[in-house]
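Architecture at a glance
As a plain string of letters, each chain reads:
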Amino acid sequence: MTDIPKLLSDKMASGEITTLIAEILELNPLHRRFLEAAITNIRDKEMVDLGKYLEFCIACGHDMHYVADCYMTIVEDTLNEQMYFIRHGNYRHSSFAEVADAVYFNRDYMNKYMYGLAITSFLWPNHIAMSRFFQQTFPIEKTGRYLEVGPGHGYYSMTALDIGSLDSIIGVDISEASLNQTRAVLDHFHPNDSCQIDLMHMDFLDAKELETNSFDILVMGEVLEHVEQPQLFLERLANLAASDAHIYVTTCINAPAIDHIYLWRNIEELEVMIAAAGLTIREKLYLPYDGKTLEESLDQNLAINVAYVLGVA
Ligand SMILES: C[S@@+](CC[C@H](N)C(=O)[O-])C[C@H]1O[C@@H](n2cnc3c(N)ncnc32)[C@H](O)[C@@H]1O
């Protein structure tokens, strides 16, 4: 068995990270092998960034026991939903109304979910791969207007401010808890940034005041599978994007979660929808289930994550 404290110390993990990992193992000793692989996979800069994110959590009044609990909430909920999906062949819910009160409008749950999700973007192999893809493809010199739909924990917006040259950010999220986290993360990491930031609490499809053809960078990570009509979301993105806009979108196939309501069973179904919305695929990243090939994942209905850089057709 690998010595996790030694692995962490070799990787120069901060005290907060070491405490977080110990707390997670306390809550679920069966997560050890997964964590060993995660710690082995994480790069030096990502380890530093995780440490800074945990400092942010502490500044928000949370200890590592709480953050570990947030992370295990998402791990356990996902496992439960995977069992349901194997048994029934469908996601448990298919309408927004079924999940809204338990998830998006439940402040305590949503807070846990978003902190937990942010931690997965350092520890889960597919989530860290999507974060890397976001950074590798981000047009760092592009100035102008950035729109993020469903910023959730706010980490993409924060990263865009870190590495980009933005003039303004608009974030639209249906959950107040999510927007509060986005605001807090931006304030913490960029307290005096000159970039104009406007966070809107509403359903993206109701955000009528957003101007057509006016956004230069548009980001929508892990939102499409949460909505009843993802095609409308893609069409609205295409409609809001400037003609040379950079559009970054992630979603998933056969990937149950407590609030995933739109199920794509293969990549083709999704890409037909993207094209029908008036968007073209410039770059793509297919991430099969951990340890499986893409073909095996598709054959066995195992979760696949996908990320795209899109343009207006
Ligand atoms: C799973 S989180 C994704 C967070 C982050 N973008 C990421 O990629 O990790 C989904 C976010 O989308 C928001 N959301 C869901 N439906 C929405 C809608 N109709 N309009 C705006 N935001 C929505 C949720 O409240 C949540 O904050």
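Above this text sits the structure in question.
Residues numbered from 1 in each chain as written. Predicted model: local features only at pLDDT ≥ 70, side-chain atom pairs only at ≥ 80, totals over all residues. Heavy atoms only, no water.

Before going further, it helps to examine the side chain of Asn305. Summarising the element assignment, Asn305 is placed in strand β7 (residues 304-312). Of note is the side chain of Asn305, whose polar atom sits 3.0 Å from the side chain of Asn126. When residues no more than four places from it in sequence are discounted, the contact partners of Asn305 are Asn126, His127, Met130, Glu222, Thr251, Cys252, Leu285, Tyr286 and Leu287. (Helix = DSSP H or I, 4+ residues; strand = E, 2+ residues; numbered from the N terminus. Polar contact = N/O pair within 3.5 Å; in protein donor to acceptor, adjacent residues only side chain to side chain. Contact = heavy atoms within 4.5 Å.)

With that settled, the discussion passes to the nonpolar core. If you look at soluble globular proteins, the nonpolar side chains tend to sit buried side by side. Core analysis: the largest hydrophobic core is formed by 66 residues, its most contacted members being Tyr53, Ile119 and Tyr146. In terms of residue count, the dominant contributor to this core is helix α7 (residues 107-123) (10 residues). Counting the residues that make up this core, at least three belong to each of domain 1 (4-122) and domain 2 (125-312). Sequence-distant contacts of Tyr53, that is, excluding residues within four places in its chain, are made with Met114, Tyr115, Ala118, Ile119, Phe122, Tyr155, Gln181, Val185 and Phe189. Counting 35 residues, the second largest nonpolar core, distinct from the first, contains Val172, Leu234, Ala241 and Tyr308. (Core = buried A, V, L, I, M, F, W, Y, C linked by side-chain atoms within 4.5 Å. Buried < 20%, exposed > 50% of the residue type's maximum accessible area, 1.4 Å probe, protein only. Domains from an automatic or database assignment.)

Moving on, we come to unusual backbone geometry. In this structure, Asn254 is a non-glycine residue whose phi angle is positive, near 50 degrees. Here Asn254 lies in the loop between β5 (241-253) and α12 (267-276). Relative accessible area serves as the criterion here: at 1%, Asn254 is assigned to the buried category.

It is worth spelling out the state of the cysteines at this point. Summed over all chains, the structure comprises 0 disulfides. Residue Cys70 stays outside any disulfide, its sulfur separated by 7.6 Å from that of Cys57, the closest cysteine. We classify Cys70 as buried; its relative accessible area is 0%. Cys195 carries a free sulfur, and the closest cysteine sulfur to it, the one in Cys60, is 20 Å from it. (Disulfide = S-S within 2.5 Å.)

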